[in-house]
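# Architecture and fold: a report
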Amino acid sequence: MDPDYSAQDVARCDLCNTAIAQSYCDFCHVKICKPCIGEHISDEYDKHKIVPIHQRKSTLIYPKCETHQNKTSECQCKDCNVFVCSHCMASSQHSGHKFLHLEELFTTSKKCIQNDKEELNNTIIPTYEEIIYELEMQITSLDGEYKKLTKEMSKQREEIHREVDMAINQMEEEIGEIKVKHRSILQKHLDEIKQLQSLMQQTLNALNEMEESNKVIPTINYSSKTEQFSKLPPKVNVSMSKFIRKQIKKEELGDLVGKLTPFSIVLEERVFTAKKPTVRELLDEPEVLNTIKTGHSSLRSVTCLNEEQIWTSGYTADIKCFNIQGELQKTIRTKSGEWPRDIALDSDGALLYSDWQTSTVYKIKNDQTEKILTLQGWIPANLCATFSGDLLVTMYSYDFTQSKVVRYSGSTVKQTIQFDDEGQPLYSGNSYSKCITENRNLDICVADLKACAVVVVNQAGKLRFRYTGHPSPVNSKPYVPLGITTDSQNRILTTDRDNNSIHILDSDGQFLRYIDNCELKYPYSLCVDSDDNLFVCEFNTGNVKKIVYWKLT
């Protein structure tokens, strides 16, 4: 299908502005429907060139000959480095000269453009995205790492009591300064890389335009910039400060607190190399590591950002945060007093939740609640904070007849995903339950309850596959997906509610195995932490089970 004209963006005739255009005048550059072709070519102008619309811009636009104004130059004199027409080539001025056909130069340059575009899309930009993700994760984990450091110091402070409080406080201030410097260094490096990424995107946009262009001069004058972009920025390695404890001696009380090792910065050169990814094979027998009792009578959602805490919600206005030991850390009530349709965490650790009563998505950070989206005519359902910082929202119409996925940057709509290439709905319209997640390969994965399917589209919103379950002698009931998540291996995990199991798929939708040995009871939502530990919430029991399903090899 023509990528410029999808099922949701049909090409219309430029003459009548109503009918669908099937043809294109490759000289006048207008789209034309069949009835209007006669009108367009009815004049005495003899250079109209009507082609099928999918072949538009197939006719090359050659430059005018500077010597013979009524002729076009289809060759280049290699000796004189000028564009020439057939008259020029036959003239004595260019006798014995070597000529290059512009069509061949055009084709060669187009291939270079295509190769550069593919290299940017498939290699360079994804590598930069990995670098940015790595830096963002480092920045996100800074508070937790420095919190661990502060706790270690606090143990020493408890041993030496009030006599060394001043020394401890002084070191805490030092930690704060180090953290600021640490964050500033990483942020500066991240900003520089994002600037480069933005420049590459601009270059890619220009390449897209040049690839579609049939203008010879700009095309053959194209100069590749991929070598410039291929030189990766150095990797910033900042070693964490360490707290070195010292044995207590009263006569040397002032020195007993210990010291912080200074953090160091090392710039490590990056090169494009074939990466051997960390392989995490699936366990034959997944194991429940811990069970957290949340107190929710009907537990619907669980989400986490790291290995330290999880957030949960159910059919009440309370959103609860637990540490990994199952201790309640915080409870937040929704602004409207209604239960949240879904919860999620962004890369900064801010809590997001959707309120079906007010058709609003809220963000809570530092105990401050703000509206980030309010929909008109649609009700927000499930949420996913993407690796790029965008927000994916599944939503359904008031009459339960339509569903779609919308990508937001802040409160701005960047993308709407609703129909396939044939104009058919991608998602069922009679249900609000459509859990959503983003894979590391940037696929968008939706567990569609009423359709009994997992629907996966690529970053552009084009359907990749549907997964409708896997036959099993044990799982006798129909496949009913509810929760969905992905791990570091690009595997897709989805709950099978009625069969009390979890299906694990590869990134192409091929079934790998079940998790059906953990005595799950009505599994609903699920998520994985930064170390691929799986958290599954049980609707009826209100428990969250932490499951390990992989082995490091």
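That block above? That's the structure.
The present account deals with the structure reproduced in this document. (Residues numbered from 1 in each chain as written. Predicted model: local features only at pLDDT ≥ 70, side-chain atom pairs only at ≥ 80, totals over all residues. Heavy atoms only, no water.)

Within the largest apolar cluster, 31 residues are counted, with the highest numbers of intra-cluster contacts made by Leu120 and Leu186. Take this core: its biggest share by element is 13 residues, from helix α3 (residues 102-160). (Core = buried A, V, L, I, M, F, W, Y, C linked by side-chain atoms within 4.5 Å. Buried < 20%, exposed > 50% of the residue type's maximum accessible area, 1.4 Å probe, protein only. Helix = DSSP H or I, 4+ residues; strand = E, 2+ residues; numbered from the N terminus.)

The strand order β24-β25-β26-β27 describes an open sheet built from four strands, whose pairing is antiparallel. Every interior strand has two partners, whereas the edge strands, β24 (434-438) and β27 (463-467), have only one. Neighbour to neighbour, the strand axes of the sheet diverge by 15 degrees on average, direction disregarded. Of the pairings in the sheet, the one linking strand β26 (residues 453-457) to β27 comprises four bridges and is antiparallel in character. (Pairing = 2+ DSSP bridges. Axes fitted to C-alpha atoms, helices over the stretch in contact; angles between N-to-C directions.)

Under the counting rule described, the total for this entry stands at 11 aromatic pairs. Here Tyr315 and Phe539 contribute two aromatic rings whose centre-to-centre distance is 5.8 Å and whose plane-to-plane angle is 85 degrees, an arrangement assigned as edge-to-face. Within this pair, whereas Tyr315 is found in the loop between β13 (309-314) and β14 (318-323), its partner Phe539 is found in the loop between β33 (534-538) and β34 (543-552), the two being separated by 224 residues in sequence. Judged by its relative accessible area of 13%, Phe539 is buried. Measuring from ring centre to ring centre gives 5.3 Å for Tyr522 and Phe539, while their planes differ by 45 degrees; the resulting arrangement is tilted. Taken together, the residues Tyr522 in the loop between β31 (511-515) and β32 (523-528) and Phe539 in the loop between β33 and β34 connect sequence positions 17 residues apart. Assessed through its relative accessible area of 26%, Tyr522 is described here as partly exposed. Grouping aromatic residues by their ring pairs yields a cluster made of Tyr315, Trp339, Trp356, Tyr522, Tyr524 and Phe539. (Phe/Tyr/Trp six-rings, centres within 6.5 Å; stacked < 30°, edge-to-face > 60°.)

On to the environment of Pro234, then. Tracing the sequence through the fold places Pro234 in the loop between α6 (226-230) and β7 (235-238). With relative accessibility at 34%, the residue Pro234 sits in the partly exposed group. Counting along the chain gives 50 residues from Pro234 to Ser184, while the straight-line C-alpha distance between them is 16 Å. Leaving out residues up to four positions away in the same chain, Pro234 has contacts with His189, Leu267, Glu268, Glu269 and Arg270. (Contact = heavy atoms within 4.5 Å.)

Most of strand β29 (residues 492-496) sits inside the fold, with five of its five residues counted as buried. On β29, burial covers both faces: Ile492, Thr494 and Asp496 on one face and Leu493 and Thr495 on the other are all buried. Across four bridges, the pairing between strand β28 (residues 481-486) and β29 is antiparallel. Within β29, the position partnered with Pro481 by the bridge is Asp496. Between β28 and β29, which pair antiparallel one after the other, the connecting turn spans five residues, and Asn490 there sits at a positive phi close to 65 degrees. If you look at the hairpin formed by β29 and strand β30 (residues 501-505), you'll find four residues sitting between the two strands, and Asn500 has a positive phi there, around 50 degrees.

Using the criterion set out here, one finds 23 salt bridges in the structure. Note that Glu134 and Lys235 form a salt bridge whose closest N and O atoms lie 3.6 Å from each other. Highlighted residues: Glu134 in helix α3 and Lys235 in strand β7, separated in sequence by 101 residues. Of the residues examined, Glu134 reaches a relative accessible area of 29% and is grouped as partly exposed. The partly exposed category is assigned to Lys235, whose relative accessible area is 24%. Between Asp143 and Arg183 there is a salt bridge, and its shortest N-O distance comes to 3.1 Å. Taken together, the positions of Asp143 in helix α3 and Arg183 in helix α4 (residues 165-212) put the pair 40 residues apart, joining distant regions of the chain. Taking the relative accessible area as the measure of exposure, Asp143 reaches 42% and is therefore partly exposed. Residue classification places Arg183 among the partly exposed positions, given a relative accessible area of 29%. A network of salt bridges, in which partner residues are shared, links Asp143, Lys179 and Arg183. (Salt bridge = Lys/Arg side-chain N within 4 Å of Asp/Glu carboxyl O.)

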